[in-house]
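Fold and contact review
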Amino acid sequence: MSTKVTVELQRLAHAEGLPLPAYQTAEAAGLDLMAAVPEDEPLTLAPGQYMLVPTGLAIALPPGHEAQVRPRSGLAAKHGVTVLNSPGTIDADYRGEIKVILINHGQAAFVIKRGERIAQMVIAPVEQAALVPVVTLSATDRGAGGFGSTGR
Ligand SMILES: O=c1ccn([C@H]2C[C@H](O)[C@@H](COP(=O)(O)OP(=O)(O)OP(=O)(O)O)O2)c(=O)[nH]1
Ligand SMILES: [Mg+2]
C-alpha cells in the first residue's frame, strides 16, 4: 500500500449523519462527495441550470497540496450533469465549506437528494512557481508553434 497523505476533515452540522467521503475501491483516485441538502428539501436542477451544492465538509490540506473537485462520469453520461468549473480547486489554506458547482447539460430536470454522490475529490501535490521575468525565453525546436502546428 502506498503512503497516504493526511488531510484533516471537519464535518459541519448539516452533514451530520451522512457517511464520510470514502474511496470506493482500493485504488480509486477520488473520494466521492455527497450533497448535504436537507432530507425534506432536495434540490432540482432544471436543464441548463447550475447551482452551488453544499457538501457539509471542510478540510485542511497539508501545504503543497490541492484538492480537485471533479465530475462523476456516471452522472455526466446518464444525466448530462457535471461540475461547471471542473476541476474546482480547493486551496491548502481554505477552511470554508467545500461546495460543488453542478450544471445540468441534460434535457430533463435532475433532482439531488441528501446523501447523493455528486462529484469526486482528488488530492494532489501542487507546486508554486517562482516567476522570473526575462526579455527573451530559452530557445526550443517548437518555438512559438502551436494550435496544430505539428499536423492534424
Ligand atoms: O469547486 C470549488 C472551487 C473552490 N471552492 C473553494 C475552495 C477554494 O480554495 C476557494 C476559492 O476557489 P477559487 O480560487 O477557484 O475561486 P475564486 O473565484 O478565485 O475565489 P477566491 O478569490 O476566494 O480565491 O473556494 C469550492 O468550495 N469548490
Ligand atoms: Mg482564487
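Reading the values: the criteria
- Residues numbered from 1 in each chain as written.
- Chains lettered and ligands numbered in written order.
- Predicted model: local features only at pLDDT ≥ 70, side-chain atom pairs only at ≥ 80, totals over all residues.
- Heavy atoms only, no water.
- Near = heavy atom within 4 Å.
- Polar contact = N/O pair within 3.5 Å; in protein donor to acceptor, adjacent residues only side chain to side chain.
- Helix = DSSP H or I, 4+ residues; strand = E, 2+ residues; numbered from the N terminus.
- Nonpolar A, V, L, I, M, F, W, Y, C, P; charged D, E, K, R; others polar.
- UniProt positions renumbered as here; feature names shortened; annotations may be inferred.
- Contact = heavy atoms within 4.5 Å.
- Pairing = 2+ DSSP bridges.
- Axes fitted to C-alpha atoms, helices over the stretch in contact; angles between N-to-C directions.

So, about the site of ligand 1. Close contacts around ligand 1 come from Asn85, Gly88, Thr89, Ile90, Asp91, Tyr94, Glu97, Ile98 and Lys99, and that covers them all. In this structure, Asn85 approaches ligand 1 through a side-chain N or O atom, which is 3.1 Å from an oxygen atom. A distance of 2.7 Å separates a nitrogen atom of ligand 1 from a polar atom in the backbone of Lys99. Take the shell around ligand 1: its biggest share by element is 3 residues, from strand E8 (residues 88-90). Across the shell around ligand 1, the residue classes tally to 3 nonpolar, 3 polar and 3 charged.

A separate point is the UniProt feature "domain: dUTPase-like" (unreviewed entry) in the protein chain. Those places that UniProt annotates as "domain: dUTPase-like" (unreviewed entry) correspond, in this numbering, to residues 19-151. Spanning residues 19-151, this segment combines 5% helix with 35% strand, and its end C-alpha atoms are found 49 Å apart.

UniProt marks Arg72, Ser73, Gly74, Asn85, Thr89, Ile90 and Asp91 with the feature "binding site: substrate" (unreviewed entry), using the numbering shown here. A maximum C-alpha distance of 26.3 Å among these annotated residues, which run over 20 residues, shows that they spread across the structure rather than meeting at one spot. With respect to the helices, strands and loops of the structure, Ser73 is situated in helix H1 (residues 73-79). Turning to its location among the elements, Thr89 is positioned in strand E8. When sequence neighbours within four positions are dropped, the list of residues in contact with Thr89 reads Glu66 and Ala67.

If you trace the 4 strands from one edge of the open sheet to the other, you get E2-E11-E6-E8, paired in antiparallel fashion. Strand pairing shows two members of the sheet lacking a second neighbour, strand E2 (31-34) and E8, which therefore form its edges. Direction aside, the axes of adjacent strands within the sheet are offset by 35° on average.

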